[in-house]
Protein chains: 2
Amino acid sequence: MTAARPFNFSAGPATLPEPVLRQVAAEMLDWGGSGMSVMEMSHRGKEFISIAEAAERDLRDLLAVPANYRILFMQGGGLGENAIVPLNLSRGGKVDVVVTGSWSRKSAAEARRYADVQVAAEGNGREIPRDWQLRSDASYVHVCTNETIDGVEFHDLPHLDNGVPLVIDCSSHLLSRPIDWSRVGLAFGGAQKNIGPAGLTLVFVRDDLLGRALDICPTAFNYETVAAAQSMYNTPPTFAIYVAGLVFQWVKQFAYAGKQGLAAIEQRNIDKAALLYAALDASGFYENRVQPSCRSRMNVPFFLKDERLNEPFLTEAKAAGLLQLKGHKTVGGMRASIYNAMPLEGVQALVTFMQDFEARHG
Amino acid sequence: MTAARPFNFSAGPATLPEPVLRQVAAEMLDWGGSGMSVMEMSHRGKEFISIAEAAERDLRDLLAVPANYRILFMQGGGLGENAIVPLNLSRGGKVDVVVTGSWSRKSAAEARRYADVQVAAEGNGREIPRDWQLRSDASYVHVCTNETIDGVEFHDLPHLDNGVPLVIDCSSHLLSRPIDWSRVGLAFGGAQKNIGPAGLTLVFVRDDLLGRALDICPTAFNYETVAAAQSMYNTPPTFAIYVAGLVFQWVKQFAYAGKQGLAAIEQRNIDKAALLYAALDASGFYENRVQPSCRSRMNVPFFLKDERLNEPFLTEAKAAGLLQLKGHKTVGGMRASIYNAMPLEGVQALVTFMQDFEARHG
């Protein structure tokens, strides 16, 4: 049955590890002898609390999250956080945003509802801009560390040496690689890329940034309130947290190239991306337009130079068991999202298909 | 295997129909021949769009939602809506709230962040207060039509004849009975009672109430934006929508006492509640303190007159396969939540257990 599942390159919601899906199915009517599905459990009961605590502990362990950062399980996704972050951190003052693509541009626009927003630098969607104009009295600096649509990734986090907190939107590469917490004040990400079902948002916030919310911040989205209630001020998305917890266990047990856990996942992500970019660069038929130093390991947009072949490419790919390769509507072309749960074999199959397609149509 | 499942009286997240859970498990690795779990589907792909459209259509059909009301699939739960409603509807002006228990009291407090809030009437948690002091220039009137903690339910919606929109928080009885839309401007509810997994919030909003949001309303929670994007401005909680859609289909097919669909569900809810309240009223050992005319069909709080027996009651109930009967911490005692998915046999088993417990300890 494993061999029969197609490879799913969706940008999110996205492919999940098959062993996780099998366990979710097996436990659907009775979790751990409780007689309940996880969907049916009170979030305040001991069964679900054990699930949530294990999920948080495993995530903290995997990402080496320091003790002075709180991990919050929230709702509203990355677009929700575009408002929730300035409601909590801006103090109505200054916010600097580095625009590297579609997502950081949206973040800047939304923060303007609550703060004096300055675009500190603006890229062209193909590279990370230099020469950031940062204000030393800003409440925080916002960057999107992986632009899902443009395929631009920060491979090193900026080091802000003036004490201004760095906020990273890491939705689409969260849990694909380590995070250098010494450079981060707050990180957020939707779960629906590397972690689990849509509807769960992960927030990591340094203790000293709690308690700064504007009065107009909804209580359910006030980080201090959510942290004080262990993410149970309101009913959390319990089932999504449970699935995420199973994914965390899967990552912990993951072995590859002599490595284990997040290091193994990262190595496989490096290898998958290298394979796909090498194939693109070796071809005159396809192209990726992002500067090599900041190409995303997760989201690989590419174009057929002859756009009339887009539809045949998608149709034939689907027939070959390669799903959801259509590029974002604002960019066009193709996009292969190769998140943690995408096996190396999936990328190999894509490359083989692309070469075959080129041979037939090139 | 059906007989082996215990009866789960959780106030939410709550018991779900077993056929729905079985279908979710069966489709976990491959929905409809797509090769994907629903969790893995792009929300913009044709597969998920067909799921979401069917869910909305079935819900509209079940509740006879008029064409001039939009159905929104949102995130943030009832507590999120306590802010989102005034952000969208208050215009920064006046809001009247009728306090009938814990939830409406929370709603009033949260709305104060955004509006001039007046408690139009305040009950004691055991009855619906009379003599509402309503302001004709209010932006809306808020009521909680089923107080989950107190067990107080509106069996008729108030008729506001002055044109002020009525907002109802119907979280814990949504889909248990019809809604008289002629009296409602906006209705909201979390899914985790009668509908599906936590993390999905349903909002029904009359067209003319769109477009009134304050500038500080987060875009992801702006009803007009969400409505214009068919609930896909941001990634919706896709898996929860899918489960909810299966529940809607289950309700449509439900037959009881010669009735079908929502009428059958309502009749069974009436019968379950009558059975339990009759047992409580016939006993000098247990009591329910809510005025009979506004007792909830969904949430039945009750007390053992000898509170020293609370722990033995819960322990023995669990051993008898009757789960999650502990009352809310602010009220104490017991609470039996008997939502749509609770069979009549579950309430019969509870009553039999209560009578047996009384015989042994009374």
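Residues numbered from 1 in each chain as written. Chains lettered and ligands numbered in written order. Predicted model: local features only at pLDDT ≥ 70, side-chain atom pairs only at ≥ 80, totals over all residues. Heavy atoms only, no water.

## Considerations on the interface of chain B and chain A
Line of reasoning, step 1. Taken residue by residue, the interface counts 59 residues in chain B and 61 residues in chain A.
Line of reasoning, step 2. Buried area between chain B and chain A, summed over both chains or domains, comes out near 4700 Å², and the portion from carbon and sulfur atoms is 59%.
Line of reasoning, step 3. When the buried surface of chain B facing chain A is broken down by residue, Leu29(B), Met39(B) and Glu40(B) rank first, second and third, together holding 15% of it.
Line of reasoning, step 4. Salt-bridge contacts for Arg5(A) lead to Glu40(B); the nearest nitrogen and oxygen are separated by 2.5 Å. (Contact = heavy atoms within 4.5 Å. Buried area = accessible area lost by both parts, 1.4 Å probe. Salt bridge = Lys/Arg side-chain N within 4 Å of Asp/Glu carboxyl O.)

## Let's talk about the domain arrangement of chain A
All names here are of chain A.
Line of reasoning, step 1. What the domain assignment lists for chain A is domain 1 (21-251) and domain 2 (255-361).
Line of reasoning, step 2. Placing the centre of domain 1 and that of domain 2 at their C-alpha centroids yields a distance of 27 Å.
Line of reasoning, step 3. Listed as interface residues are 24 residues of domain 1 and, on the opposing side, 25 residues of domain 2.
Line of reasoning, step 4. Joining domain 1 to domain 2, the criterion identifies zero salt bridges.
Line of reasoning, step 5. Where domain 1 meets domain 2, there are twelve residue pairs in polar contact (both at pLDDT 80 or more).
Line of reasoning, step 6. Those elements that provide at least two residues to the side of domain 1 that touches domain 2 are β7 (152-153) and α6 (238-253).
Line of reasoning, step 7. For the side of domain 1 that touches domain 2, a count of residues per class yields nine nonpolar, nine polar and six charged. (Domains from an automatic or database assignment. Polar contact = N/O pair within 3.5 Å; in protein donor to acceptor, adjacent residues only side chain to side chain. Helix = DSSP H or I, 4+ residues; strand = E, 2+ residues; numbered from the N terminus. Nonpolar A, V, L, I, M, F, W, Y, C, P; charged D, E, K, R; others polar.)

## Quick look at helix α3 (residues 77-89) of chain A
An α-helix turns once every 3.6 residues. As a result, residues three or four positions apart point the same way.
Residue and element names in this part refer to chain A.
Line of reasoning, step 1. Spanning 13 residues, α3 covers 17 Å between terminal C-alpha atoms, matching the ideal 18 Å at 1.5 Å per step.
Line of reasoning, step 2. Residue Ala-83 marks the point of greatest curvature in α3, where the axis turns by about 30°; the proline Pro-86 follows within four residues.
Line of reasoning, step 3. Of all 13 residues that make up α3, 13 are buried, and the element is covered over most of its length. (Expected span 1.5 Å × (residues − 1). Bend = angle between axes of the 7 residues up to and from the residue. Buried < 20%, exposed > 50% of the residue type's maximum accessible area, 1.4 Å probe, protein only.)

## What to know about the packing of helix α1 (residues 18-26) of chain B against helix α6 (residues 238-253) of chain B
Residue and element names in this part refer to chain B.
Line of reasoning, step 1. Packing of α1 against α6 leaves a shortest axis separation of 9 Å and a crossing angle of 135°. The orientation of α1 with respect to α6, classified from their angle, is oblique. Where α1 crosses over α6, the two elements pack in a sense that is right-handed. The residues of α6 that touch α1, namely those facing Pro-19, Val-20, Gln-23 and Val-24, are Phe-239, Tyr-242, Val-243, Leu-246, Val-247 and Trp-250.
Line of reasoning, step 2. Looking at side-chain class alone, the contact of α1 with α6 contains nine nonpolar, one polar and no charged residues. (Axes fitted to C-alpha atoms, helices over the stretch in contact; angles between N-to-C directions. Parallel < 35°, antiparallel > 145°, perpendicular 65-115°, else oblique. Left-handed = near helix turned anticlockwise from the far one by under 90°.)

## Considerations on the sheet that holds strand β9 (residues 186-190) of chain A
Residue and element names in this part refer to chain A.
Line of reasoning, step 1. Here we have seven strands laid out as an open sheet, ordered β2-β10-β9-β8-β5-β3-β4, and mixed in their pairing. Unpaired on one side and paired on the other, β2 (69-74) and β4 (116-122) mark the two borders of the sheet. Here the strands of the sheet are splayed against their neighbours by 20° on average, with no regard to which way each runs.
Line of reasoning, step 2. Taken together, the three bridges between strand β3 (residues 94-99) and strand β5 (residues 140-144) define a ladder with parallel strand orientation. By the bridge assignment, Val-97 is partnered in β5 with His-142.
Line of reasoning, step 3. The strands touched by helix α2 (residues 46-62) within the sheet are β2 and β10 (201-206), with β2 carrying the most contacts at an inclination of about 130°.
Line of reasoning, step 4. The sheet strands contacting helix α4 (residues 102-111) are β3, β4, β5 and β8 (166-169), and the helix crosses β3 at an angle near 160°. (Pairing = 2+ DSSP bridges.)

## Re the side chain of Thr201(B)
Residue and element names in this part refer to chain B.
Line of reasoning, step 1. Its location among the elements puts Thr-201 in strand β10 (residues 201-206).
Line of reasoning, step 2. For Thr-201, a relative accessible area of 0% gives the class buried.
Line of reasoning, step 3. Reaching out from Thr-201, the side chain makes a polar contact with the backbone nitrogen of Gly-77 at a distance of 2.8 Å.
Line of reasoning, step 4. When neighbours within four sequence positions are excluded, Thr-201 is seen to be in contact with Leu-72, Phe-73, Met-74, Gln-75, Gly-76, Gly-77, Glu-81, Gly-189 and Gly-190.

## Some details on unusual backbone geometry
Residues and elements named next belong to chain A.
Line of reasoning, step 1. That bond from Gly-12 to Pro-13 is cis: its omega, -10°, falls within 30 degrees of zero.
Line of reasoning, step 2. Following the sequence through the fold, Pro-13 ends up in the loop between β1 (7-8) and α1 (18-26).
Line of reasoning, step 3. Despite not being glycine, Asp-131 shows a phi value in the positive range, around 55°.
Line of reasoning, step 4. As for its position among the elements, Asp-131 is in the loop between β4 and β5.
Line of reasoning, step 5. A relative accessible area of 66% means that Asp-131 is categorised as exposed.
Line of reasoning, step 6. The backbone of Gln-324 shows a phi angle near 60°, a positive value even though the residue is not glycine.

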